[in-house]
Amino acid sequence: EEVLNSLARIGNIRVPLLIHVPGVAPGRFDGVVQTVDVSPTIVDVLGLPRPPSWTGRSLVPALLGRELAPAPAYAELLPSPSWDHKARAMISAAGAWKLFYRISDRRYELYDLAADPTEQKDLFEARPEVAGPMSKQLVEWMETELSGAP
């Protein structure tokens, strides 16, 4: 369980992303993005075509100080020698909620990241109005993005 706590906590998936684009003024964007957004951003900055198989989105609007439509972020945790489970996680588009799903025992957990940034109080049962839609989104992501389906 302790390894689960260290791997799955928001500190391991909420990290700064720094991008420097010559000629673009420095700025700050606090929205939810994913590492799969980096490659589309680079090809967009360079004016190159984006391969259709890529997932993710260009962050250029945010780099230019324009609005970037909110989108959730997803994470896949794979088994390791010290943690024999597969898990998936999702951060809501606004960054307010985190849903964690441990596949091996079909266990869902839901955390209010503003009220509980260290993810100590599981609200999955207490907040079905949040847990239900997020669970559906996470399952859709697992069925499409992770399966390779279009």
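Above this text is the structure in question.
To start, this report covers the structure provided alongside it. Just so you know, these numbers come straight off a predicted model, no measurement behind them.

A word on helix α4 (residues 128-144)
Next, step 1: Given a rise of 1.5 Å per residue, 17 residues ought to cover 24 Å, and the 24 Å separating the end C-alpha atoms of α4 matches this to within 8%.
Next, step 2: Within the sequence span of α4, burial applies to Val130, Ala131, Met134, Ser135, Leu138, Trp141 and Met142. Across the axial projection of α4, the buried residues extend over an arc of 125°, all falling on one side. Across from the buried face of α4, at angles greater than 90 degrees, the exposed residues are Pro128, Lys136 and Glu143.
Next, step 3: Elements in contact with the buried residues of α4: β1 (73-77), β2 (87-91), β3 (97-102) and β4 (107-112).

Quick word on a nonpolar patch on the surface
Next, step 1: Taken together, Ile42, Val45, Leu46 and Leu48 make up a surface patch of nonpolar side chains, about 370 Å² in accessible area.
Next, step 2: With respect to the helices and strands, the residue Leu48 is situated in the loop between α2 (38-46) and α3 (60-63).

Some words on the sheet that holds β3
Next, step 1: Taken together, the four strands give an open sheet; going across it, the order is β1-β2-β3-β4, and neighbouring strands pair in antiparallel fashion. Every interior strand has two partners, whereas the edge strands, β1 and β4, have only one. For this sheet, the mean inter-axis angle between neighbouring strands, taken without regard to orientation, is 15°.
Next, step 2: Where β3 and β4 come together, six bridges link them in antiparallel fashion. Pairing of Phe100 across the sheet is with Glu109, part of β4.

Details of the pattern of salt bridges
Next, step 1: Per the counting criterion, the structure on display carries seven salt bridges.
Next, step 2: One salt bridge in this structure joins Asp37 and Arg57, with 3.9 Å as the shortest N-O distance. Of this pair, Asp37 sits in the loop between α1 (2-8) and α2 while Arg57 is found in the loop between α2 and α3, placing the two residues 20 residues apart along the sequence.
Next, step 3: Arg127 is paired through a salt bridge with Glu129; the nearest N and O atoms lie 2.4 Å apart.

Points about the packing of aromatic side chains
Next, step 1: Within the structure shown, the criterion is met by three aromatic pairs.
Next, step 2: Between Tyr108 and Phe124 the ring centres are 5.1 Å apart and the planes differ by 10°, which places this aromatic pair in the stacked class. Of the two residues, Tyr108 is situated in strand β4 and Phe124 in the loop between β4 and α4; the sequence distance between them amounts to 16 residues.
Next, step 3: Following the ring pairs from residue to residue traces out a cluster consisting of Tyr101, Tyr108 and Phe124.

About the cut-offs
- Residues numbered from 1 in each chain as written.
- Predicted model: local features only at pLDDT ≥ 70, side-chain atom pairs only at ≥ 80, totals over all residues.
- Heavy atoms only, no water.
- Helix = DSSP H or I, 4+ residues; strand = E, 2+ residues; numbered from the N terminus.
- Expected span 1.5 Å × (residues − 1).
- Buried < 20%, exposed > 50% of the residue type's maximum accessible area, 1.4 Å probe, protein only.
- Arc of directions from axis to C-beta.
- Contact = heavy atoms within 4.5 Å.
- Patch = residues over 30% accessible without salt bridge, like charges linked within 9 Å, V, L, I, M, F, W, Y side chains within 5 Å.
- Areas by Shrake-Rupley, 256 points an atom, 1.4 Å probe, with all protein chains shown as cover.
- Salt bridge = Lys/Arg side-chain N within 4 Å of Asp/Glu carboxyl O.
- Pairing = 2+ DSSP bridges.
- Axes fitted to C-alpha atoms, helices over the stretch in contact; angles between N-to-C directions.
- Phe/Tyr/Trp six-rings, centres within 6.5 Å; stacked < 30°, edge-to-face > 60°.

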